[in-house]
Amino acid sequence: MDFTFTLEQKLLKENVERFIANEYTFDKRRAWAHSELGFSREHWTRFAELGWLGIDVTEEHGGLGGSAVEQAILMEAFGRGLVVEPYLTTAVLGTALLHHGGSIQQKQTLLPAIAAGESLIAFGFAESQSRYHLADVTTIARKDGDGFVLNGTKSVVFNAAGADTIVVSTRTGGASRDDHGISLFLIERQTPGLALREYATVDGGRAAELLLNDARVGADAVLGNIDNALPVIERVIDAGIVAVCAEAVGIMAALCQATLDYLKTRQQFGRPIGEFQVLQHRMVDMYVACELSRSMAYMAAVKLDDAEATERRRAVSAAKVQIGRAGRFIGQQAVQLHGAMGMTDELAVGHYFKRLTMIESTFGDADYHLQRFANSE
Amino acid sequence: MVTATAFNSTLNQLAGASLTMDLTLSDKERAFQAQVRAFIAERLPAHIKRKVEDSLQLVKEDYVSWQKILYERGWMAPNWPKQYGGTGWTPIERYLFEEELALGSTPRIIPFGVAMVGPVIIEFGSEAQKQRFLPRILSSEDLWCQGYSEPGAGSDLASLTTRARRDGEHYIVNGAKTWTTMAHYADWIFCLVRTDSAAKKQEGISFLLIDMHSPGVSVRPIRTFDGAEEINEVYFDDVSVPAENLVGEENKGWTYAKFLLGHERTGIAGVARSKKQLARVKELAARELCDGKPLLEEQRFREKIAAVEIELMALEYTNLRIVCAEQAGETMAAESSILKFRGTELQQAITELLLEVIGYYAHPNVPQAIAQGWNEEPIGPAYAASIAPLYFNWRKTSIYGGTNEIQKNIIAKMVLGL
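Residues numbered from 1 in each chain as written. Chains lettered and ligands numbered in written order. Predicted model: local features only at pLDDT ≥ 70, side-chain atom pairs only at ≥ 80, totals over all residues. Heavy atoms only, no water.

Looking at the side chain of Arg273(B)
All names here are of chain B.
Okay, step 1: Inspection of the secondary structure puts Arg273 in helix α9 (residues 271–287).
Okay, step 2: The buried charged residue Arg273 lacks any salt bridge partner; its closest oppositely charged side chain belongs to Glu98, at an N-O distance of 8.1 Å.
Okay, step 3: With sequence-adjacent residues up to four places away left out, Arg273 is seen in contact with Leu101, Ala102, Thr106, Pro107 and Arg108. (Helix = DSSP H or I, 4+ residues; strand = E, 2+ residues; numbered from the N terminus. Buried < 20%, exposed > 50% of the residue type's maximum accessible area, 1.4 Å probe, protein only. Lys, Arg positive; Asp, Glu negative; His and termini not counted. Salt bridge = Lys/Arg side-chain N within 4 Å of Asp/Glu carboxyl O. Contact = heavy atoms within 4.5 Å.)

Next up, the structure:
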């Protein structure tokens, strides 16, 4: 047993932390988030050159063949930087979709392009009625000759407008919440019948409502087995959960540091407010919540790859519950302890808090995962 | 923008440590675990095991006979250096050992000798003290208790007033200690005493070993509201203590006391014992009925259990991070404070769940049912009798060993620099 980083992992951690500290300043990040694209193409190319986009791509496809732990190391640093580049959707969800569902042909086409920074992927898995239930799918894929015709709407598809390929979950059989009868399709962004209604998200990102109106795809667009895609979707979303948990840990650590600095410098009643015990204990609770979350994020990263399905599910859901609760507590208290300054748009604190809050309602909130954990023994 | 330059936490540095992440046991670790498990299964007396499993009262002989079994095997003091009778195990092996002790339903090892005064004597004691005291701690020939708190010195421990006045080759001790667990069993007490009243309060304290059988020592039991008699007041009335029983230097006792608090306490969280108790919650909830079906099938209750289980996992993996860092040769400040306050919060949360599980059968007050030798028909389910006393008794855990509020003060100061 060893719950510490390898030398390579430590180097990766140092590299990405240096990049965030030196180049990913809050002001620049704000500018990229408000640009037309919503992120920096230059960064994306750098990420590719550094191998970061290929962590979850095997060496034969031009990647590093790394593990979820390395992805978590990156995501933790990305959390500190509030990185807006579409890493999660392309280099975590996109690669996982291909690994667990893709044909040899699909992998050969897309994985090298992802690793090289030439292809962006988005994943539409939620619908307006589904909340976090992955099998609640009403978008229909109807067999039509050699191919399929897709109709329906997918909700809050992150980074859809910038994507070259969008993967959607559809129903090819069964009733609307059946586990059976769900299939995945790869759709090219320019496919006729696919329309996007794009918007900014409160955490500085981009998403879209995706409308499918008689969108026609070929038989080669099917990702994985027809009617049996749910286990793949679940596995892919678990990878996404591990990634956002690590991102949340980076955010929580940054909020703890900012709050601690503020407690030591802000003077009231003739002394630093950090001398007041009520604030000291609050700060300790924040710090401990952050460290407990870090343990859970890396535990889940290890178990994502190593454990069998039930253990993986429990580990991932447990981490999401811990991080959801800790994130809400730390985010709220960081704002509170900064007083009115914490309410300003100028400070990073509120922006961290917003991203943490959105992570809570991504891939299932604490209540959803508490239920999944409790019922998966 | 907050940069990546370290949020100055020791645990954070830990996240930047060495080797490959693997949460499974190596073959060597698995073999070690199996060896410990087999030993416990073979040697732990059945009547003691049953008492621990059912949270019944343990008496002195239960503790001592189990400690002697460990002593004979050479496993009494894994936290000591090998030359003094330690095992030479790695931090991970020590962690696994403690886990097996918990999962095997063994009595807790009385901490005052082997976990507390032992390491202080090893670190700061004279050669003569080591020769004299350590072997008898290992063999449980001497049982120890801790003379820290006083009626006027609890969380403000340094304001203690028990006085030791030097008189030739002796100290003459006067004063009172309180909340002294197991004083009624103990042969020796390690005491913080004031040897210089003029100095700043932390600087006039010495660490003195006192024979409980000395003339002038008296013990009065304090009954707690759960019905237990574990704690005592200890009075010192002109007690003559040989000067050779002073540990280290006079007036340096506060340093030794702090060492003791922070020393080797990765087991302090009690994660494995909590896991065992949580399994008991599920087992009993499967037997209790609610709306005609097992309580365990009631979604709201399932989720209550799950919430505690998840918090326990978070503590477990934090504990493992700390142990693995120790294995990699790193030390950390205040980690035992984190483990202590979270560990006790969760232990208490689990006793709450147990209490909720048994519903009405929390009410009967039948102290005989949890004492040695009760053979009558139980009132309600047999497992219910010990639970309310356990729940009430376990409120002590967030108070003893430095209240949880004091632990947070320590973390604020040592880790956060507040």
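Re the domain arrangement of chain A
Residue and element names in this part refer to chain A.
Okay, step 1: Each assigned domain of chain A is listed with its residue range as follows: domain 1 (7–119), domain 2 (122–227) and domain 3 (231–374).
Okay, step 2: With 20 residues of domain 1 at the interface, the matching set in domain 3 holds 29 residues.
Okay, step 3: Both faces considered, domain 1 and domain 3 share a buried interface measuring about 2,100 Å² in area, 70% of it formed by carbon and sulfur atoms.
Okay, step 4: Our count for the domain 1 to domain 3 interface comes out at 2 salt bridges.
Okay, step 5: Close ionic contact of Glu76 with Arg294 constitutes a salt bridge, the shortest N to O distance being 2.4 Å.
Okay, step 6: One can count 5 residue pairs in polar contact (both at pLDDT 80 or more) joining domain 1 with domain 3.
Okay, step 7: Only α2 (26–34), α4 (68–81) and α5 (87–101) provide two or more residues apiece to the side of domain 1 that touches domain 3.
Okay, step 8: When residues of the side of domain 1 that touches domain 3 are assigned to their parent elements, the largest contribution, 8 residues, is made by α4.
Okay, step 9: Residues that form the side of domain 1 that touches domain 3 fall into these classes: 12 nonpolar, 4 polar and 4 charged. (Domains from an automatic or database assignment. Buried area = accessible area lost by both parts, 1.4 Å probe. Polar contact = N/O pair within 3.5 Å; in protein donor to acceptor, adjacent residues only side chain to side chain. Nonpolar A, V, L, I, M, F, W, Y, C, P; charged D, E, K, R; others polar.)

Comments concerning the interface of chain B and chain A
Okay, step 1: Chain B puts 54 residues into the contact, and the matching count from chain A is 57 residues.
Okay, step 2: Summed over both sides, the interface of chain B with chain A buries roughly 5,300 Å², with 66% coming from carbon and sulfur.
Okay, step 3: Run the count over chain B and chain A and you get 3 salt bridges.
Okay, step 4: Notably, a salt bridge pairs Lys408(B) with Asp285(A), separated by 2.8 Å at the nearest N-O pair.
Okay, step 5: If you look at where chain B meets chain A, you find 16 residue pairs in polar contact (both at pLDDT 80 or more).
Okay, step 6: Secondary-structure elements contributing two or more residues to the side of chain B that touches chain A are α1 (10–14), α10 (299–327), α11 (335–358) and α13 (404–414) of chain B.
Okay, step 7: The greatest single-element share of the side of chain B that touches chain A, amounting to 16 residues, is contributed by α10(B).
Okay, step 8: The residue makeup of the side of chain B that touches chain A, split by class, is 30 nonpolar, 14 polar and 10 charged.

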